[in-house]
Amino acid sequence: MTGDGQAWLIRNARPLGGVPTDLLLNDGFIVAAGRGLSAVGAQVMDAADLVALPGLVDLHTHLREPGREDAETVQTGTQAAALGGFTAVHAMANTEPVADTAGVVEQIWRLGAQAGVCDVRPVGAVTAGLDGSRLAELGAMADSAARVRVFSDDGRCVSDAVLMRRALEYVKAFDGVIAQHAQEPRLTDGAQVNEGEISGVLGLTGWPAVAEEAIIARDCLLAAHVGSALHVCHVSTAGSVEIIRWAKSKGWRVTAEVTPHHLLLTDDLAVSYDPIYKVNPPLRTHADVEALRAGLADGTIDCVATDHAPHAAEDKETEWQVAAFGMTGLETALRVVHAAMVETGLLDWAGVADRMSARPAAIGRLDGSGTLGASGSLEAGAAPLHGRPIEPGSPANLVLYDPAASSTVDPAGHASRSRNSPFAGMVLPGQVVATFLRGTPTVLDGKLAR
Ligand SMILES: [Zn+2]
Ligand SMILES: [Zn+2]
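These figures come from a predicted structure and were not determined experimentally. (Residues numbered from 1 in each chain as written. Chains lettered and ligands numbered in written order. Predicted model: local features only at pLDDT ≥ 70, side-chain atom pairs only at ≥ 80, totals over all residues. Heavy atoms only, no water.)

Draft legend 1. Layout of helix α9 (residues 286-298). In a regular helix each residue adds 1.5 Å, so 13 residues correspond to 18 Å; α9 covers 18 Å between its end C-alpha atoms and thus fits that length. Inspection of α9 places D288, V289, A291, L292, R293, G295 and L296 among the buried residues, and these make up the whole buried set. Buried-residue contacts for α9 involve α7 (238-249), β14 (254-258), α8 (260-264), β15 (303-304), α11 (333-342) and α12 (349-363). (Helix = DSSP H or I, 4+ residues; strand = E, 2+ residues; numbered from the N terminus. Expected span 1.5 Å × (residues − 1). Buried < 20%, exposed > 50% of the residue type's maximum accessible area, 1.4 Å probe, protein only. Contact = heavy atoms within 4.5 Å.)

Pasting the structure below:
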């Protein structure tokens with residue numbers, strides 16, 4: 001699937017927010033860039049005042065298929081991704097059945113290829129059935145057609161230190177990475193909201209920062225001890241940022257992500273008792289949000305990952321105590337980062353491209369480095385390239401974004417099958433105008449193109 005044969009001439013786009021230029025896309029690649037390009041037979045798109053970014057890459061998406069197709073499918077989830085400007089998403093393993101064998105990850109990979117609107121990279125489970133007692137078939141998943149390189153029990157923590165060590169050792173053979181959902185289970189038994197002033201006011205069981213930070217500290221030490229690669233999912237506390245900063249200063253192979261919601265929302269929203277704000281890890285304090293923004297700005301936190309977690313209405317629109325944890329995020333991620341990081345002057349558009357495309361592509365082994373091999377196309381045995389610079393020779397994975405737009409978030413208009421967006425009713429800046437996957441538009445004029 002390398003384009004549909006139709007060439008596109010994009011006029012006056014601003015790569016990374018810089019000076020306007022024309023981009024010519026053909027046969028899946030950017031083939032020319034410069035002022036005043038012309039191409040006979042090409043479709044022409046006027047992109048004046050639009051920022052061009054490399055297609056976004058999400059390291060952390062829950063697509064729910066197989067098993068919970070009432071909440072999301074690979075088709076609807078990848079459509080939501082395309083509308084958010086993504087050209088690749090990593091699909092978490094906590095499906096039913098769990099993605100813990102070559103067969104299941106290949107099924108998810110094939111469903112993504114069939115949907116065709118966004119590359120789907122399956123994440124493999126670390127432990128069989130996510131039960132935390134024995135390693136899943138990591139090598140078989142790595143060798144499968146899905147070429148899995150990221151492994152995670154996300155939703156659950158690999159809390160057993162011996163298993164975590166073994167997993168880190170195992171993936172070294174094929175340049176894999178273990179993505180940890182850092183949550184010490186005993187310290188969070190029955191936890192509902194951030195432990196602090198708000199949990200006291202609400203009378204809900206608190207979720208202490210140390211439950212996250214203790215696991216991150218342990219895993220950084222384990223990764224250093226075995227010389228392997230650790231990725232920390234959804235960092236949510238100021239203390240976690242400090243620990244990761246320290247681990248990186250030692251030169252250890254530790255990377256980290258933060259979600260859009262943890263960059264913008266705080267735990268005082270829980271005062272409403274509206275479970276739309278119930279999420280794992282929980283929303284934290286203003287001081288935590290400030291530290292997360294600073295950590296993302298200075299590169300301590302490598303990237304933004306959505307943790308898009310769609311839930312059917314019956315699981316979410318209920319009492320706080322029994323409601324499911326999680327929020328949707330694919331369709332609003334870039335706009336939230338715009339509000340939290342760009343409008344505040346903490347990142348420019350080049351920084352956004354780095355944190356939402358280049359770095360997550362590198363962590364997911366989609367940037368052409370490492371042992372995976374890569375190609376512009378979508379073949380078994382090689383990974384599609386993402387996160388590359390906007391220049392001739394790169395695959396034509398692009399998002400065109402209108403930074404001057406602004407609108408109220410309405411989940412009723414989202415492609416996701418679920419409606420649990422915490423940003424519903426909020427005015428957010430920006431609008432994804434177009435997304436191109438290997439030269440073929442998946443979104444045009446802000447709407448699905450295919
Ligand atoms: Zn998680
Ligand atoms: Zn998750």
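Having seen the structure, we can now continue with the description.
Draft legend 2. Inspection of the coordination of the zinc ion (ligand 1) at higher detail. Surrounding the zinc ion (ligand 1) are the protein donor atoms D154 (OD), H181 (ND1) and H234 (NE2), at 2.0 to 2.1 Å. Sequence spacing of the donor residues for the zinc ion (ligand 1), all on one chain, is D-x26-H-x52-H. A distance of 3.5 Å spans the gap from the zinc ion (ligand 1) to the zinc ion (ligand 2), which D154 bridges by coordinating each metal. In this pair, D154 sits in the loop between β9 (150-151) and α4 (161-171) while H234 sits in the loop between β13 (230-232) and α7, placing the two residues 80 residues apart along the sequence. The same class applies to D154 as to H234, namely buried. (Donors = N, O, S within 2.8 Å, 3.2 Å for Na, K, Ca; no water.)

Draft legend 3. Focus on the coordination of the zinc ion (ligand 2). Within the protein, the atoms that donate to the zinc ion (ligand 2) are H60 (NE2), H62 (NE2), D154 (OD) and D307 (OD), at distances of 2.0 to 2.2 Å. Here the zinc ion (ligand 2) is ringed by four donor atoms whose angles at the metal span 83 to 171 degrees, and the overall shape comes out irregular. Spacing between the donor residues of the zinc ion (ligand 2) along the chain follows H-x1-H-x91-D-x152-D. (Tetrahedral: all angles 85-135°; square planar, octahedral: opposite > 155°, others 65-115°.)

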